[in-house]
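Residue-level structure breakdown
If you want the building blocks of each chain, they are given just below.
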Protein chains: 4
Amino acid sequence: MTANTFNETAEGVYLITVTPFKDNGDLDLASTDRMVDFCLERGVTGLTILGIMGEATKLTAEESRQFVRQVLARVQGKVPVVVGASAAGFAPMSELTKSVMDMGAAGVMVAPPSTVRTDDQICSYFDMVTETLGPDVPWCLQDHPTSTGVQMSSSVVLRILKNSPTCVMLKHEDFPGLAKLSAVRQAIEKGDLRKISILTGNGGGLFLPEEMVRGANGAMTGFAYPEMMVDVVNAFKAGNVERAFDIFDCYLPLAKYEQQAGVGLAVRKHLLAQRGAIASAAVRKPGPKLSALDLADIARLVARQEKKLAALG
Amino acid sequence: MTANTFNETAEGVYLITVTPFKDNGDLDLASTDRMVDFCLERGVTGLTILGIMGEATKLTAEESRQFVRQVLARVQGKVPVVVGASAAGFAPMSELTKSVMDMGAAGVMVAPPSTVRTDDQICSYFDMVTETLGPDVPWCLQDHPTSTGVQMSSSVVLRILKNSPTCVMLKHEDFPGLAKLSAVRQAIEKGDLRKISILTGNGGGLFLPEEMVRGANGAMTGFAYPEMMVDVVNAFKAGNVERAFDIFDCYLPLAKYEQQAGVGLAVRKHLLAQRGAIASAAVRKPGPKLSALDLADIARLVARQEKKLAALG
Amino acid sequence: MTANTFNETAEGVYLITVTPFKDNGDLDLASTDRMVDFCLERGVTGLTILGIMGEATKLTAEESRQFVRQVLARVQGKVPVVVGASAAGFAPMSELTKSVMDMGAAGVMVAPPSTVRTDDQICSYFDMVTETLGPDVPWCLQDHPTSTGVQMSSSVVLRILKNSPTCVMLKHEDFPGLAKLSAVRQAIEKGDLRKISILTGNGGGLFLPEEMVRGANGAMTGFAYPEMMVDVVNAFKAGNVERAFDIFDCYLPLAKYEQQAGVGLAVRKHLLAQRGAIASAAVRKPGPKLSALDLADIARLVARQEKKLAALG
Amino acid sequence: MTANTFNETAEGVYLITVTPFKDNGDLDLASTDRMVDFCLERGVTGLTILGIMGEATKLTAEESRQFVRQVLARVQGKVPVVVGASAAGFAPMSELTKSVMDMGAAGVMVAPPSTVRTDDQICSYFDMVTETLGPDVPWCLQDHPTSTGVQMSSSVVLRILKNSPTCVMLKHEDFPGLAKLSAVRQAIEKGDLRKISILTGNGGGLFLPEEMVRGANGAMTGFAYPEMMVDVVNAFKAGNVERAFDIFDCYLPLAKYEQQAGVGLAVRKHLLAQRGAIASAAVRKPGPKLSALDLADIARLVARQEKKLAALG
């Protein structure tokens, strides 16, 4: 793994990390270190923190700062760290951005608020984002209608990217989204749009190989087995398309299980705790809990996954 | 009242009618006649039937045909009758449109389905509507985000109107919507858009005088006192702006009460029954019922309204 | 395959069928026969028609009748046929139900309208459904928040089932929904709820084996390979749980691709046409079209699926 | 005006204040003092700050603290000050609550997050709120489906109030909401629910007299003319119901204009600036701007209102 820069050439896997808590709900900084190491050892090319799956909205302002500082200290610049900065207002967005850039973040990620609907409203909003972040903060446009309710057409995504020279990356998570991914990729190829990095998380990463076929530069999503995404992306880069699908298919049943909205975060933390990446699987309230039946499901899917991976070799 | 045509010159009041039922829930055709007479006597220049407030979705196909036939027979061409034709698919939209045009309707009204979101999706949808209705059916574009969830920007409304030569009217019901109304009106004045008729129902008619100031051609909404809208529109046409506001203000407290989503239809039917326009205030299930407290509210507001109107002279 | 009855003992696979059209968009009755044969030959225990994936809202009333009649004539009572009867009003629901029961349907399926929200509103709505359908029409409760926006808690589902003696089946499609499935199953086991049939379609059938583990009686969803669901359900009944997962995993990548909202129906019809079950893959407007890239994706996934199935034996 | 306590006996008018900014967008602390004086002079019995109309989400954490501190210092305990504490997570809710209670706030106000839907989810959420706030912080339950999307039935409101001994007030803003208000009031009268204070803001205060008739204890909403609400509530308490309606009707046309979602806040700040309560009408981005046509509308409505008030005497 070589150092990577958060700019339009970014590729590989930007992992959306969880935020580790202790069983009593306190922020777990020791586990934060272990989790960072766990990710780096598996070959991720970037980290994205304080996203939805990072329980960002459940942290106090002070906890957010502590967590960002801890991650950045542990990463030591080996990979870029992007911080979620979506906010209902521009003053808090600006405050958070300044704070994390000062600490050493590589850039921020912004999704539209659920209140913008029409093409013009969406584009105006991102004009203000660009102005708020200023000329020195590279940022990633998050397109995730499932959580925001905002549908951005391909032409709107192109307008935003054209209007904002500091936007260097698209986190492509519309679902279904393959057609949009192809439209943006083709606009770049035709020269209608400058080169940007497109990382995908369509359906929680469940379409990663199909997206690589269509020209994605890698993945930005979360999964308790980041090596799956790293291996799939690397197999593609090496030209082994069928191999990439083979690897992916081994993990798909568990990935599908982990991508269940709501309960999925508890599944992910359970697996990460089991793998030793974090000490506790605790999710802050309001949050889901796993039942004995859920745990049995997971155990079966893990066992089957291991068997398949062993067979694949 | 003079005969009016459903085209881009339409003005005055197109009343959204209720659909009368008997106490046992059956369609009440005798009351349909009385209601038509009631509206015509109060000076409406058009009728719009089978809209949301007409409980269209609660009718069987056969009942819809019966009701349309009865209304058209009673109107005898004195004013144009527009029929709501919004549908999830184009085959049923086409079937309904053909059926009502054959019976003598003047045109249809179409709102977008809640599934379209982006500017392009909305415009494509109305391209298909235009194709479905064909070159001979004039139609009214209904812009009512409260019920459809579809936000059409001013520029989208302009695109639809430009693409569809058979669209002759905008039913303007976005809320708040004064800025959009002004934008469409200005586009017509600048010659960017051909002349169309703009009838308003913004907030259930609660902004009628403000909308007339901005260049609306009249109203298309429902209210148990259609004469209010007729008188307000006529006062404007006669240049008596303050008089128009004076009339409107007498009715506003009751209009506000009648515009409560859901329960409002029961209020309207109660008032229409009380005024003799229909025999029964019955609303089909699932529908609201008025409590004794609601009835007392209405009685007070009616008494106060009468007093104010008497004072106004 | 033995004859099955649409009642609380129903099990196996009730396939949600598509509605076949010709390339010109006309209803294709010849393909309707072929499709029915195709399903029956693969061992389905029931058919569900005129659902969302059956493009029900795009048919005229007359086309709906024609299609139902054709399906029933071809099925000849070999398996029960359930007809989607969700409607905005009770009069059209009653009209459609009477019509299809007279033709020989086994029962109907009803989902809540998007306007009901609170527990009480949902339960009241289904009290009216029960009354509307009458004592002689068995029906299936469809719980599909993704399309309806209505969240029914486990306790609400139990209330509805207790209040409605004619509801014999739950089409379980909440997502994530495993916890709810377990809650309903446990209520039956504890005797808190009479026995009903639970058929699942959670996430478009993507959780079928996990649902069988939790006590589902089978599946009610659509897929271009109905034999997958039949084989998975049969493997479970035979006690071969791992075999059931093995079969399922072969199909999962393509099933995932076919379950993409919107475009998925075009994928399904393309596959059905390719398999000879219908003559044309045409989807009525407004509807999705497949691109060359989509077709290439599908071809790869089909080839991989065939290889896996061959290896599984 | 006598001192009032924020508990179950609260009545009168708790005004939802704006947050004053300078033309350059900075927080305007001098205007904060003037605005507090303006409200106190008009007889409000409480203030509610950092609500939606207070642009709370557009403030940095530090600005929020500054504003709360300034308001509390100026109020000097003359009336209770309630602070909006709705948050996506309980850690930030707890942090904000502790902070404002330490500064001298009387209590907090909490609305449900848009992610809870079923009765059980809503009640569980407020159990956690009660636990988070602890036994010493009195709070107000905000029921505002228009902004939250959460529909709480009367029975859910009763369950929440029963489960939470520290909830002393219901901010009743469901729309339409008269039936719910009556249900809660009747539960208190029957002894099914302990006494709580019910302040209303139904439709932005547009139903204040109807709500007083049904037993509301006063109003909690915003309006550039707080004296309207004070006078209406006092007239009711004095038994002059028709007088209360008369006062209300003078203000209704402007209140209606000010309650337009989105643009309404700009209208309110324009009026407050015009009345000398704040120095600048600036709204922080993203926010609405008034057009010349809007300003003309407002000027007409103000002139007409003054004339009516003079006539009323």
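Source: prediction; values computed, not measured. (Residues numbered from 1 in each chain as written. Chains lettered and ligands numbered in written order. Predicted model: local features only at pLDDT ≥ 70, side-chain atom pairs only at ≥ 80, totals over all residues. Heavy atoms only, no water.)

1. Structural notes on the environment of T132(B)
Residue and element names in this part refer to chain B. With respect to the element layout, T132 can be found in helix α4 (residues 119-133). Taking the C-alpha atoms as reference points, T132 and M93, 39 residues apart in sequence, are found 7.8 Å from one another. Discounting residues that sit within four places of it in the chain, T132 has contacts with F90, M93 and S94. (Helix = DSSP H or I, 4+ residues; strand = E, 2+ residues; numbered from the N terminus. Contact = heavy atoms within 4.5 Å.)

2. Here's the deal with the relation of the copies chain C and chain D
The transformation that overlays chain C on chain D combines an axial shift of 0.0 Å with a rotation of 180°, and the residual RMSD is 0.0 Å. Here the transformation between the copies is reduced to the relation of a two-fold axis. Of the residues that chain C buries at the interface, 100% are likewise interface residues in chain D, meaning the two copies contact each other through the same surface. (Least-squares fit on C-alpha atoms with pLDDT ≥ 70 in both.)

3. Some words on the side chain of T200(B)
All names here are of chain B. Tracing the sequence through the fold places T200 in strand β7 (residues 197-200). The exposure class assigned to T200 is buried, which follows from its relative accessible area of 1%. A polar side-chain atom of T200 sits 2.7 Å from a polar atom in the side chain of E211. (Buried < 20%, exposed > 50% of the residue type's maximum accessible area, 1.4 Å probe, protein only. Polar contact = N/O pair within 3.5 Å; in protein donor to acceptor, adjacent residues only side chain to side chain.)

4. Points about unusual backbone geometry
Cis geometry marks the peptide bond from F175(A) to P176(A); its omega dihedral reads -5°. With respect to the helices and strands, the residue P176(A) is situated in the loop between β6 (167-172) and α7 (178-189). For the peptide bond that leads from K285(A) to P286(A), omega is -5°, which places it in the cis range. Along the polypeptide, P286(A) turns up in the loop between α11 (263-274) and α12 (292-312). One non-glycine residue, L50(C), lies in the positive phi region at around 60°. Its place among the elements puts L50(C) in the loop between β2 (46-49) and α2 (61-75). Taking relative accessible area as the criterion, L50(C) reaches 8% and is therefore assigned buried. Here the phi dihedral of E55(C) falls at roughly 55°; this positive angle occurs in a residue that is not glycine. Inspection of the secondary structure puts E55(C) in the loop between β2 and α2.

5. Concerning the relation of the copies chain B and chain D
Overlaying chain B on chain D yields an RMSD of 0.0 Å, the required transformation being a rotation through 180° with an accompanying axial translation of 0.0 Å. When the interface residues of chain B are mapped onto chain D, 100% of them again lie at the interface, so the same face is used by both copies.

6. Re the interface of chain B and chain D
Contacts between chain B and chain D engage 32 residues on the former and 32 residues on the latter. Between chain B and chain D lies a buried interface of about 2,700 Å² when both sides are counted; carbon and sulfur atoms form 54% of it. A per-residue breakdown of the area chain B buries against chain D is headed by K256(B), R300(B) and R304(B), which together make up 22% of the total. Here chain B and chain D share 16 salt bridges between them. D294(B) is the partner of R214(D) in a salt bridge, and the nearest nitrogen-oxygen pair spans 2.7 Å. At the boundary of chain B with chain D, the tally comes to 20 residue pairs in polar contact (both at pLDDT 80 or more). Mapped onto the side of chain B that touches chain D, the elements with two or more residues apiece are α7 (178-189), α8 (208-213), α10 (241-258) and α12 (292-312) of chain B. (Buried area = accessible area lost by both parts, 1.4 Å probe. Salt bridge = Lys/Arg side-chain N within 4 Å of Asp/Glu carboxyl O.)

7. Topic: the sheet that holds strand β6 (residues 167-172) of chain C
Residues and elements named next belong to chain C. If you trace the eight strands once around the closed barrel, you get β1-β2-β3-β4-β5-β6-β7-β8, paired in parallel fashion. The average angle at which neighbouring strand axes cross in this sheet is 25°, direction not considered. Both strand β1 (residues 12-16) and strand β8 (residues 218-221) contribute to a ladder of four bridges, which runs parallel. Looking at β8, one finds that G12 is bridged to G218. Of the strands in this sheet, β3 (81-84) and β4 (107-110) are in contact with helix α3 (residues 90-103), which crosses β4 at around 150°. The strands touched by helix α6 (residues 154-163) are β5 (139-143) and β6; relative to β5, the strand with the most contacts, the crossing angle is about 165°. (Pairing = 2+ DSSP bridges. Axes fitted to C-alpha atoms, helices over the stretch in contact; angles between N-to-C directions.)

8. Some details on the packing of helix α1 (residues 29-41) of chain C against α2(C)
Two quantities define a packed helix pair, namely the angle between the helix axes and the distance between the axes. All names here are of chain C. Relative orientation of the contacting elements α1 and α2 amounts to 45°, with a least axis distance of 9 Å. As summarised for this structure, α1 and α2 are arranged oblique, according to the angle between their axes. In terms of crossing hand, the pair formed by α1 and α2 is right-handed. Taken together, the residues of α2 that come into contact with α1 (itself represented by L29, T32, D33, M35, V36, D37 and L40) are Q66, F67, Q70, V71, R74 and V75. Grouping the constituent residues of the contact of α1 with α2 by class yields seven nonpolar, three polar and three charged. (Parallel < 35°, antiparallel > 145°, perpendicular 65-115°, else oblique. Left-handed = near helix turned anticlockwise from the far one by under 90°. Nonpolar A, V, L, I, M, F, W, Y, C, P; charged D, E, K, R; others polar.)

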